[in-house]
Amino acid sequence: MTDRSTIVLLRTRTFSPVLSLLSYLLAGTFFGVVLVKSEAASWYRIQEMFRFQSVHMYGLIGSAVLTGMLITWLLRKVQARALTGQTIHVQAKDPGLPRYILGGLTFGLGWGLAGVCPGPIFTLLGSGVWTMLIVLLFALVGTWLYGVLRDHLPH
Amino acid sequence: MTNLLTSPWPWYVGGPLIGLMVPLLLLIGNKTFGISANLRHACAILLPDAAKPGFFRYDWRKERWNLMFAAGLVLGGLLAGLVCANPEATHLSVQAIHSLQGLGVTLHPGLVPPELVDLHRPVVWLILSLSGLLVGFGTRYGGGCTSGHAITGLSTLQFPSLVATVSFFVGGILSANFLLPLLLK
């Protein structure tokens with residue numbers, strides 16, 4: 001009985017906030033590398049995907065979902081704990097449909113134009129595509145606009 | 001050896017690594033993998049208090065992990081996109097190369113065609129700003145982007161994420177096949 005709580009305490013103590021933030025930085029770096037090397041951050045690949053001209057992006061997204069599904073299921077099955085000590089819990093998305101359809105359509109229209117979703121905006125900036133600053137700036141304007149109009153939109 | 005560093009990864013290597021991000025972030029600190037929320041945090045940080053809609057009034061410091069993750073994305077781009085950049089052009093399908101020619105865009109090494117970063121062309125400003133505006137508004141309205149819905153949401157079997165992902169693709173197909181050719185004409 002005491003064993004488990006001692007382990008949790010130990011974990012919480014050793015995993016300091018700084019170390020924790022650093023691990024997210026590292027995870028992000030790893031993901032950025034994957035986005036470039038797998039060509040998910042490529043405008044060319046996105047255009048190819050939306051024209052159904054190659055299996056590349058479909059294979060990429062499909063195998064990502066299957067991997068995520070399998071390992072997340074396993075973690076929940078064995079009631080794994082996070083490094084911070086909490087039991088792993090996946091937050092459920094809010095109910096409702098209009099926002100997912102209308103918001104999804106809007107995002108998709110943007111995705112197909114400059115070929116970037118939010119992750120690649122940051123990654124391409126890092127790899128020296130400076131014009132992504134324009135995309136980022138307007139993405140912030142778009143986010144702000146949603147914050148302003150939120151109460152008038154169907155959710 | 002250098003080839004191993006610079007050559008791109010096939011989908012069956014990259015895909016599972018992307019999928020690993022979901023359990024990895026859950027293991028590090030019980031966090032839900034997603035990136036677009038950073039745009040909201042950035043607004044919450046940058047907007048002056050007097051001009052802040054309620055949507056941006058929350059303690060963004062609790063979400064610092066997400067900002068660190070985004071900073072990591074920039075570092076990753078630096079590492080892979082500058083240091084380990086693929087010297088060859090993307091191996092696109094024959095049909096895709098034909099489509100590019102139709103758009104007046106060339107296939108070059110790199111992740112973005114040179115025609116779409118050429119700021120001397122007014123249409124490039126239009127494409128980049130419109131794309132950003134739609135991405136920013138759409139991800140917040142739809143409650144997530146490719147990582148939050150298509151990867152995290154689908155792999156945790158959430159119905160709203162399926163609806164969102166299908167909508168992403170409908171929008172993307174419309175935009176790539178009709179809107180972009182119209183703009184580049």
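Small disclaimer: the values here were computed from a predicted structure and weren't measured.

Caption draft 1: Structural view of the pattern of salt bridges. Taken as a whole and judged by the stated rule, the model has six salt bridges over all chains. One salt bridge connects D94 of chain A with R99 of chain A, and the closest N-O pair in it is separated by 3.8 Å. We classify D94 of chain A as partly exposed; its relative accessible area is 46%. When its relative accessible area of 12% is taken as the criterion, R99 of chain A is described as buried. A salt bridge links R61 of chain B to D59 of chain B, with the shortest nitrogen-to-oxygen separation between them at 3.9 Å. Residue class for R61 of chain B comes out partly exposed when judged on its relative accessible area of 48%.

Caption draft 2: Quick peek at the UniProt feature "transmembrane region" (unreviewed entry) in chain A. Residues and elements named next belong to chain A. As annotated in UniProt, the feature "transmembrane region" (unreviewed entry) corresponds to residues 14-35, 55-75, 100-122 and 128-149 in the numbering used here. In residues 55-75, the share of helix is 95% and the share of strand is 0%. The end C-alpha atoms are 30 Å apart. The span residues 100-122 is 87% helical and 0% strand by assignment, and the distance between its end C-alpha atoms comes to 24 Å.

Caption draft 3: Molecular detail of the packing of aromatic side chains. The tally for this structure, following the rule as stated, stands at 18 aromatic pairs over all chains. Residues F31 of chain A and F69 of chain B carry aromatic rings whose centres are separated by 6.1 Å and whose planes lie at 25 degrees to one another, so their mutual orientation is stacked. Of the two residues, F31 of chain A is situated in helix α2 (residues 17-37) and F69 of chain B in helix α4 (residues 64-83); the pairing between them involves two chains. The exposure class assigned to F31 of chain A is buried, which follows from its relative accessible area of 4%. F69 of chain B sits in the buried class, given a relative accessible area of 0%. When the centroid spacing of 6.2 Å and the interplanar angle of 10 degrees are considered together, the rings of F52 of chain A and Y58 of chain A count as stacked.

Caption draft 4: Seen up close, the packing of helix α4 (residues 56-77) of chain A against helix α7 (residues 146-155) of chain B. Between α4 of chain A and α7 of chain B, the least distance of the axes is 8 Å, while the angle of their chain directions is 40 degrees. Our classification of the angle between α4 of chain A and α7 of chain B gives oblique. By crossing handedness, the relation of α4 of chain A to α7 of chain B is classed as right-handed. Touching I61, A64, V65, G68 and M69 of chain A of α4 of chain A are A150, I151, L154 and S155 of chain B, all from α7 of chain B. Looking at the contact of α4 of chain A with α7 of chain B residue by residue, the class counts come to seven nonpolar, two polar and no charged.

Caption draft 5: Structural context of the nonpolar core. Residues F31 and W111 of chain A together with F33 of chain B are the most contacted members of the largest nonpolar core, which totals 88 residues. Counting contributing residues, this core receives three or more from each of domain 1 (1-92) and domain 2 (93-155) of chain A. Those residues within four positions of F31 of chain A in sequence are excluded, and the remaining contacts are I18, M21, F33, I35, F69 and L73 of chain B.

Caption draft 6: Local environment of the side chain of S36 of chain B. Summarising the element assignment, S36 of chain B is placed in the loop between α2 (11-29) and α3 (37-46). Look at S36 of chain B and you get buried, because its relative accessible area is 3%. Those residues within four positions of S36 of chain B in sequence are excluded, and the remaining contacts are P118 of chain A together with T139, R140, G144 and C145 of chain B.

Caption draft 7: Molecular detail of α2 of chain A. In this model α2 of chain A runs 30 Å from its N-terminal to its C-terminal C-alpha over 21 residues, within 8% of the 30 Å that 1.5 Å per residue would give. Phi for E39 of chain A, located one or two positions after α2 of chain A, is positive at around 65 degrees.

Caption draft 8: Structural detail: the interface of chain A and chain B. Every contact between the two is made by 107 residues of chain A and, on the other side, 128 residues of chain B. In total, chain A and chain B occlude about 10200 Å² of area from one another, counting both sides; carbon and sulfur atoms represent 77% of this. Of all residues in chain A, Y24, K37 and Y44 of chain A give up the largest surface area on contact with chain B, accounting jointly for 9% of the area buried on that side. Run the count over chain A and chain B and you get zero salt bridges. For the interface between chain A and chain B, the tally reads 35 residue pairs in polar contact (both at pLDDT 80 or more). Those elements that provide at least two residues to the side of chain A that touches chain B are α2, α3 (43-50), α4, α5 (98-114), α6 (118-126) and α7 (132-149) of chain A. Per element, the largest residue contribution to the side of chain A that touches chain B is 16 residues, and it comes from α5 of chain A. Of the residues assigned to the side of chain A that touches chain B, the class counts are 61 nonpolar, 35 polar and 11 charged.

The rules behind the values
Residues numbered from 1 in each chain as written. Chains lettered and ligands numbered in written order. Predicted model: local features only at pLDDT ≥ 70, side-chain atom pairs only at ≥ 80, totals over all residues. Heavy atoms only, no water. Salt bridge = Lys/Arg side-chain N within 4 Å of Asp/Glu carboxyl O. Buried < 20%, exposed > 50% of the residue type's maximum accessible area, 1.4 Å probe, protein only. UniProt positions renumbered as here; feature names shortened; annotations may be inferred. Helix = DSSP H or I, 4+ residues; strand = E, 2+ residues; numbered from the N terminus. Phe/Tyr/Trp six-rings, centres within 6.5 Å; stacked < 30°, edge-to-face > 60°. Axes fitted to C-alpha atoms, helices over the stretch in contact; angles between N-to-C directions. Parallel < 35°, antiparallel > 145°, perpendicular 65-115°, else oblique. Left-handed = near helix turned anticlockwise from the far one by under 90°. Contact = heavy atoms within 4.5 Å. Nonpolar A, V, L, I, M, F, W, Y, C, P; charged D, E, K, R; others polar. Core = buried A, V, L, I, M, F, W, Y, C linked by side-chain atoms within 4.5 Å. Domains from an automatic or database assignment. Expected span 1.5 Å × (residues − 1). Buried area = accessible area lost by both parts, 1.4 Å probe. Polar contact = N/O pair within 3.5 Å; in protein donor to acceptor, adjacent residues only side chain to side chain.

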